[in-house]
Amino acid sequence: MPKGNLTFESEKCKGCGLCVNFCPVKILYIDKNSLNQQGYNIVKMTDPDKCIACATCALMCPDSIITVEVK
Amino acid sequence: MGKTLMKGNEAIARAAILSGIDAYFGYPITPQNEIPEYLSKLMFEAGKVFVQAESEVAAINMVYGAAAAGFRTMTSSSSPGIALKQEGITYLCGAELPAVVVSVMRGGPGLGSITPSQGDYNQATRGGGNGDYHVIVFAPETIQETIDIMKEAFDIADYYRNPVMILVDGMIGQMMETVDLTKPVKKRFLPEKDWAANGTSRHSKRNVVNSLYIESDILEAHNLALKKKYDKVVINDTRYELINMEDPDYVIVAFGTMSRICRSAIEMLAEKKIRVGIIRPISLWPFPNVAFENLDAPHLKGILDVEMNLGQMLTDVLVANNGKYPVGFFGRAGGVVPEPEEVVDAILHFKNRVVK
Amino acid sequence: MEIKYKKTKGLTDTPLSYCPGCTHGIVHKLVAETLEELGVLGTTVAIASVGCSVFSYKFFNTDAVQAAHGRACAVATGIKRNLPDNIVFTYQGDGDLASIGIAETIHAANRGENFTVIFVNNAIYGMTGGQMAPTSLIGQVTTTSQSGRDAKLQGSPIHICEMFSQIEGVAYLERVSAFNPRQVRIAKAAIKKAFTYQMEKKGFTMIEVLSSCPVNWGKKPVDALKWIEEAMVPVFPLKVFKDKYAEDEKNV
């Protein structure tokens, strides 16, 4: 199983939750305690080790804030 | 080619080809149908672009596209069709795009009639589009003058990055006169269109052609820059002709076909020992205020504004005159073309024609 | 480490002005990626229309022209006729394309103009605050159909792909959506096919993308995607409506 490394351009995140919803291994969540400069709660990872580099999150992100690398 | 007998609409089409037009977009409407008809053939023969659009609205937007991509482009129409183009024209002005619009006036308002009129003076010079903008408007009186101005029009449009309108009427469009298509006209130095939206591979930065400036202070700055440009047009391209202006008893102000009728009228008046001169605006915007500022006629009894409408250029005449002389008005509407005798009569009974 | 997925060069650095979760962002990305992959960013002219995507000229990393509301297909005609070897596309919403702009769209298709139309259909007028659109569904509550769209008073939703499928000048016509990753991948393939056909000078191509408007539908972004699947797709079926150059398959 490939392993992935995700980078988020958090200042452009709008907390829409599409990536959270479609992540097949359910390791993303919107952190209600976070806030970027735009005033949105942003996406965070629960368990980076479980990322399988499927890039579904990056595909669905309307703001293209996610970069996916394969380890 | 030398001198040849030619219909006005055909002459307009041929003059456009001689000016290096790249693209024509138009729609049928009387009395200018021959313009798209001739160009449908001539443009094809010249390897240029011709599209009969689905409406005048579509045509002016195709012009907008072609102009945005850096091409010399033109449309033509008549009164109700020009009304449809008002949106496109304001967008052209806001986005600073060059284009030529030929307007062949017919009777109005609404569907009106198909006979010659001058009822679109306000439409041309004030415009029905939104915002602070001006179309540079020229009103030739003969087919030859139409050809000469047409040949300059694309350069003037490119030079100022603004639409230029050639305003004629159904008379000029439909009649035939002797013309010389080869007569040379003044050329201008034109810079490269490095602003055109034709692909980033052709230039250094991304070009966006746009009239949307969502922040009002930026839009104001844009408007002030446009105003500066329009001020340059006023200084450089105001045009008019003075006819028989030595110590006149009356001065007629008339443009286009009407001025030709008035030329006959002043000859008839001369036989009656009445000296009448003509101020003939050739640029309607910018209106030649300077001709009125310079007017110093000790025996002048009044200025008669003569139009084929119910008093549109009259407003500009009143402003330019600035209360100096009495101003009178004579006009016919609905596509009725007056006889010279009617103008003679208007001068003879000037007191009845004075505008309060 | 090897990069598997990153933001396409076809988009500028300007943050998108769309609402959170709005599928405009996804569609922009698919178009931008396609143009980058086809190597045509340098010869593309994008035409921005009027609606939520009015600022799309800020986001596509190409030259761009802003068109008046509804006129994008006329503007595109003026550009493509003069620059036949450039790639030209319009990006229009359902108000722009199917309401005020329907004549210009039909006639560009009818003339077989060789450009691509990206039609973002979210069954509502987003930018102006949620009014009824030509593609709004029967019973859909909008600010100008507050009791729900009534066929007797306001007509039925207009089916653009269905209407255009019988126009001779159309080379490729497909309706897709962006409501889940599989649909997004199908949409990308459709968009790529459309632009490829343009490069091959095959004629008018249009991709209708069923999209969401979370704010004006009054739904959370993920729920809005579900509404596309459950309510819009039954009314606007997803399929290829016309492929003039399909090799083996008959036209659907």
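Definitions and cut-offs
Residues numbered from 1 in each chain as written. Chains lettered and ligands numbered in written order. Predicted model: local features only at pLDDT ≥ 70, side-chain atom pairs only at ≥ 80, totals over all residues. pLDDT = per-residue confidence, 0-100. Axes fitted to C-alpha atoms, helices over the stretch in contact; angles between N-to-C directions. Helix = DSSP H or I, 4+ residues; strand = E, 2+ residues; numbered from the N terminus. Parallel < 35°, antiparallel > 145°, perpendicular 65-115°, else oblique. Left-handed = near helix turned anticlockwise from the far one by under 90°. Contact = placed C-beta atoms within 7 Å. Nonpolar A, V, L, I, M, F, W, Y, C, P; charged D, E, K, R; others polar. Pairing = 2+ DSSP bridges.

1. Regarding the confidence of the model for chain C
Inference 1: Looking at chain C, the pLDDT average stands at 96 and 98% of residues meet or exceed 70.
Inference 2: Listed scores for the predicted complex are pTM 0.94 and ipTM 0.97.

2. Focus: the packing of helix α3 (residues 56-68) of chain B against helix α3 (residues 72-82) of chain C
Inference 1: Look at α3(B) against α3(C): their axes get within 6 Å of each other, and the N-to-C directions meet at 45°. Taken together, α3(B) and α3(C) sit at an angle that is classed as oblique. For the crossing formed where α3(B) meets α3(C), the hand is right-handed. Of α3(C), the residues touching α3(B) (which contributes A58(B), N61(B), M62(B), V63(B), Y64(B), G65(B), A66(B) and A68(B)) are A74(C), V75(C), A76(C), T77(C), G78(C), I79(C) and N82(C).
Inference 2: A breakdown of the residues in the contact of α3(B) with α3(C) according to their chemical character gives ten nonpolar, five polar and no charged.

3. Here's the deal with the interface of chain C and chain A
Inference 1: At the interface, 24 residues of chain C touch 24 residues of chain A.
Inference 2: Of all the secondary structure elements, the ones that give two or more residues to the side of chain C that touches chain A are β1 (2-5), α1 (24-37), α8 (181-199) and α10 (221-235) of chain C.
Inference 3: Partitioning the side of chain C that touches chain A into residue classes produces 14 nonpolar, five polar and five charged.

4. Regarding the interface of chain B and chain C
Inference 1: Tallying the contact residues gives 33 residues for chain B and 29 residues for chain C.
Inference 2: Taken together, the elements giving at least two residues each to the side of chain B that touches chain C come down to β2 (23-26), β3 (49-52), α3, α5 (86-94) and β9 (208-209) of chain B.
Inference 3: Of the residues forming the side of chain B that touches chain C, the biggest block, eight residues, is contributed by α3(B).
Inference 4: Of the residues belonging to the side of chain B that touches chain C, the class tally is 18 nonpolar, eleven polar and four charged.
Inference 5: Where β9(B) lies against strand β3 (residues 63-66) of chain C, two bridges are found, and the strand directions are parallel. Paired with V208(B) across the strands is A64(C), a residue of β3(C).

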